[in-house]
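Architecture and fold: a report
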Amino acid sequence: MNDLAGKHIVLGLTGGIACYKSAELCRAFVKEGATVQVVMTEAAEQFITPVTMQALSGRPVHTSQWDPREANNMPHINLSRQADAIVIAPCSADFMARLVHGRADELLSLMCLARPIATVPLLIAPAMNREMWAHPATQRNLVQLAADGATILGVGTGFQACGETGDGRMLEPQELLEDIVAFFQPKLLAGRKVVITAGPTFEALDPIRGITNHSSGKMGFAIARAAREAGAEVALVAGPVGVPTPRGVRRIDVKSARDMLAATEAETPRADIFIAAAAVADWRPVSEADHKIKKDGSGSAPTVAFTENPDILATVAKGARAKSGALFCVGFAAESHDLVKHAKAKRERKGIPLLVGNIGPLTFGQDDNQMLLVDDQGVTELPRASKIECARRLVAEIARRLTA
Ligand code: C5P
């Protein structure tokens with residue numbers, strides 16, 4: 001995956017202990033295919049050396065506006081004209097104040113001021129002590145920076161280097177990376193609310209055991225990430241899985257199919273799109289034993305009676321039709337053979353506009369997938385790709401159908 005391929009990022013470091021995280025952020029940008037030009041303030045050099053940042057970015061670091069290496073001696077112009085984005089991480093309280101005032105007496109603030117504001121976005125990852133963060137001056141500066149067109153990447157909460165605990169830590173490099181990758185994605189679902197089910201369900205037999213399946217949740221989680229990247233508000237109803245929640249996604253954990261239905265029905269009335277990616281158990285034990293079912297020594301196995309689970313997708317789609325609502329429902333079909341035939345039949349049976357078919361063993365637990373889209377126009381085969389790329393493609397296909 002090269003989520004930043006072709007992008008040129010100017011990474012600005014200002015004075016703060018979080019500079020140590022910027023080394024990893026720089027590496028992450030490079031790993032995702034970006035070229036990175038590091039610019040450091042004098043204060044940043046107290047925390048990490050330009051040597052480290054040069055080694056990681058593969059380019060000499062700029063630290064001064066008086067730099068004879070630049071033929072025209074205008075690094076503030078040259079550096080900002082080449083950038084797809086300027087990311088200030090960490091951005092100190094002082095540097096925020098400088099940006100607000102349009103100061104230009106050192107290279108980084110000068111370059112931010114000189115950047116073509118319409119084409120070179122400025123993204124800011126603040127980092128400071130919790131009292132500095134909470135101070136009215138800082139909060140006022142944040143509002144002004146956003147009003148001036150900067151994107152504020154937010155802060156983390158927790159233990160701080162000063163020994164205090166609270167808001168103001170710089171986000172972790174992986175969190176910043178995810179937010180910056182999202183920043184570059186087209187906002188195809190801006191203003192839309194999306195509900196997604198993901199993962200398996202767990203149907204309890206007794207307090208210890210139950211029926212479940214091999215769904216990893218990766219596809220549904222990738223769709224949640226892609227929808228959020230596209231600007232949607234996302235609710236992710238997740239069965240028991242160990243996949244991290246995508247940034248900016250609201251996750252609702254459930255266990256059984258009935259829990260999943262209840263959580264989904266609570267979310268869909270305000271939604272524009274429902275994507276059922278969960279592998280819901282078709283059957284559940286008729287009753288859950290209060291205590292662990294023990295061997296009785298007779299050698300005879302217990303008999304378990306099953307009953308059918310509600311079909312979440314069909315129920316939600318039917319409910320939306322009954323209210324002549326505008327909920328766009330998307331289903332998945334994991335088949336082992338005759339994919340096209342089964343996928344077409346399933347779309348009709350569930351009463352939904354779009355169904356995504358895939359071959360179960362080729363997707364369950366894998367990092368990539370191959371999808372087949374079935375709608376009233378026919379069948380479209382998408383190329384095999386990573387799950388996040390498949391998810392972005394699916395989001396684009398849904399957005400296109402919504403605006404058609
Ligand atoms: O009927 P089948 O399980 O093959 O259909 C798969 C599609 O229906 C998936 O989108 C799945 O999330 C959804 N589904 C559901 N509730 C069920 C069974 C399947 O929402 N009980």
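This is a predicted model, so every value here is computed, not measured.

1. Observations concerning unusual backbone geometry
Residue Pro 90 is bonded to the preceding Ala 89 through a cis peptide linkage, with omega at 0°. Relative to the helices and strands, Pro 90 is located in strand S3 (residues 85-91). Despite not being glycine, Asp 338 shows a phi value in the positive range, around 45°. Mapped onto the secondary structure, Asp 338 falls in the loop between strand S16 (328-335) and helix H12 (339-350).

2. Some thoughts on the sheet that holds strand S1 (residues 8-13)
Strand order in the open sheet formed by five strands is S2-S1-S3-S4-S5, and the pairing between neighbours is parallel. The two strands at the open ends of the sheet, each matched to only one other strand, are strand S2 (35-40) and strand S5 (151-152). Strand direction decides the pairing type here: S1 and S2, joined by six bridges, are parallel. Directly across from Ile 9, in S2, lies its bridge partner Val 36. Running over the sheet, helix H1 (residues 19-31) touches S1, S2 and S3 and is turned about 175° from S1. Of the strands in this sheet, S1, S2, S3 and strand S4 (122-126) are in contact with helix H5 (residues 107-114), which crosses S3 at around 145°.

3. Looking at helix H8 (residues 173-184)
The terminal C-alpha atoms of H8 lie 17 Å apart, and with 12 residues this matches the ideal 16 Å at 1.5 Å per residue to within 8%. Buried within H8 are the following residues: Pro 173, Leu 176, Leu 177, Glu 178, Asp 179, Ile 180, Val 181 and Ala 182. Tucked into the core, H8 has its buried residues touching H1, S3, S4, helix H9 (218-229) and helix H14 (387-403).

4. Here's the deal with the site of the ligand
As a matter of local geometry, the ligand sits amid Ala 276, Ala 278, Val 280, Asp 282, Pro 310, Asp 311, Ile 312, Leu 313, Gly 331, Phe 332, Lys 346 and Lys 350. The backbone of Ile 312 places a nitrogen or oxygen atom 2.9 Å from a nitrogen atom of the ligand. The separation between an oxygen atom of the ligand and a polar side-chain atom of Lys 346 is 2.3 Å. Of all the elements in the fold, those that place two or more residues in the shell around the ligand are helix H11 (312-322), S16 and H12.

5. Things to note about the domain arrangement of the chain
In terms of domain boundaries, the chain breaks down into domain 1 (8-184) and domain 2 (193-283 + 305-403). With seven residues of domain 1 at the interface, the matching set in domain 2 holds six residues. On the domain 1 side of the contact with domain 2, Glu 178, Asp 179 and Ala 182 bury the most area, a combined 72% of that side's loss. Run the count over domain 1 and domain 2 and you get three salt bridges. We note a salt bridge from Arg 228 to Asp 179, for which the minimum N-O separation is 3.3 Å. Taken together, the connections running from domain 1 to domain 2 amount to three residue pairs in polar contact (both at pLDDT 80 or more). Partitioned by chemical class, the residues of the side of domain 1 that touches domain 2 number four nonpolar, no polar and three charged.

6. Here's the deal with the environment of Ala 190
As for its placement among the helices and strands, Ala 190 is situated in the loop between H8 and strand S8 (193-198). Ignoring anything within four residues of it in the chain, the contact list for Ala 190 reads Ala 230 and Gly 231.

7. Here's the deal with a nonpolar patch on the surface
A cluster of nonpolar side chains, namely Ile 17, Tyr 20 and Phe 47, defines an oily patch on the protein surface of about 350 Å² accessible area. Mapped onto the secondary structure, Ile 17 falls in the loop between S1 and H1.

8. Things to note about the nonpolar core
Grouped together as the largest cluster of nonpolar side chains are 38 residues, with contacts concentrated most on Leu 189, Ile 223, Ile 275, Phe 332 and Leu 394. Listing elements by their share of this core, those giving two or more residues are S8, H9, strand S11 (233-238), strand S13 (273-276), S16, strand S17 (354-359) and H14. When near neighbours in sequence (up to four residues on either side) are disregarded, Ile 223 contacts Ile 196, Ile 275, Ala 277, Phe 332, Ala 391, Leu 394 and Val 395. Core analysis: the next-biggest nonpolar cluster, separate from the first, contains 32 residues, Ala 18, Leu 25, Val 38 and Ala 125 among them.

9. Let's talk about the pairing of S1
Most of S1 sits inside the fold, with six of its six residues counted as buried. Alternating residues of S1 divide into His 8, Val 10 and Gly 12 and Ile 9, Leu 11 and Leu 13, and every residue in both groups is buried.

10. A look at the pattern of salt bridges
Opposite charge on two side chains permits them to pair, given that their charged atoms come into close proximity. Within the structure shown, the criterion is met by 29 salt bridges. Residue Arg 130 is joined to Glu 131 by a salt bridge in which the shortest nitrogen-to-oxygen separation is 4.0 Å. According to the relative accessible area criterion, Glu 131 is partly exposed, its value standing at 48%. One salt bridge in this structure joins Asp 338 and Lys 341, with 3.8 Å as the shortest N-O distance. Using a relative accessible area of 57% as the deciding quantity, one classes Lys 341 as exposed. Through salt bridges with shared partners, a single network forms among Asp 375, Arg 393, Glu 397, Arg 400 and Arg 401.

11. What to know about the environment of Ser 300
Along the polypeptide, Ser 300 turns up in the loop between strand S14 (283-285) and strand S15 (306-308). The exposed category is assigned to Ser 300, whose relative accessible area is 53%. For Ser 300, the side chain forms a polar contact with the side chain of Ser 298, separated by 2.9 Å.

12. What to know about the sheet that holds strand S19 (residues 372-375)
A sheet is described by the order of its strands in space; here eight strands give the open sequence S12-S11-S8-S13-S16-S17-S19-S20, paired in mixed fashion. A single partner strand is all that each edge strand has here, and the edge strands are strand S12 (250-253) and strand S20 (378-381). Neighbouring strand axes in the sheet, compared pairwise and without regard to direction, differ in orientation by 20° on average. Where S8 meets S11, six bridges bridge the pair, whose relative direction is parallel. What sits directly across from Ala 198, in S11, is Ala 238.

About the criteria used
- Residues numbered from 1 in each chain as written.
- Predicted model: local features only at pLDDT ≥ 70, side-chain atom pairs only at ≥ 80, totals over all residues.
- Heavy atoms only, no water.
- Helix = DSSP H or I, 4+ residues; strand = E, 2+ residues; numbered from the N terminus.
- Pairing = 2+ DSSP bridges.
- Contact = heavy atoms within 4.5 Å.
- Axes fitted to C-alpha atoms, helices over the stretch in contact; angles between N-to-C directions.
- Expected span 1.5 Å × (residues − 1).
- Buried < 20%, exposed > 50% of the residue type's maximum accessible area, 1.4 Å probe, protein only.
- Near = heavy atom within 4 Å.
- Polar contact = N/O pair within 3.5 Å; in protein donor to acceptor, adjacent residues only side chain to side chain.
- Domains from an automatic or database assignment.
- Buried area = accessible area lost by both parts, 1.4 Å probe.
- Salt bridge = Lys/Arg side-chain N within 4 Å of Asp/Glu carboxyl O.
- Nonpolar A, V, L, I, M, F, W, Y, C, P; charged D, E, K, R; others polar.
- Patch = residues over 30% accessible without salt bridge, like charges linked within 9 Å, V, L, I, M, F, W, Y side chains within 5 Å.
- Areas by Shrake-Rupley, 256 points an atom, 1.4 Å probe, with all protein chains shown as cover.
- Core = buried A, V, L, I, M, F, W, Y, C linked by side-chain atoms within 4.5 Å.

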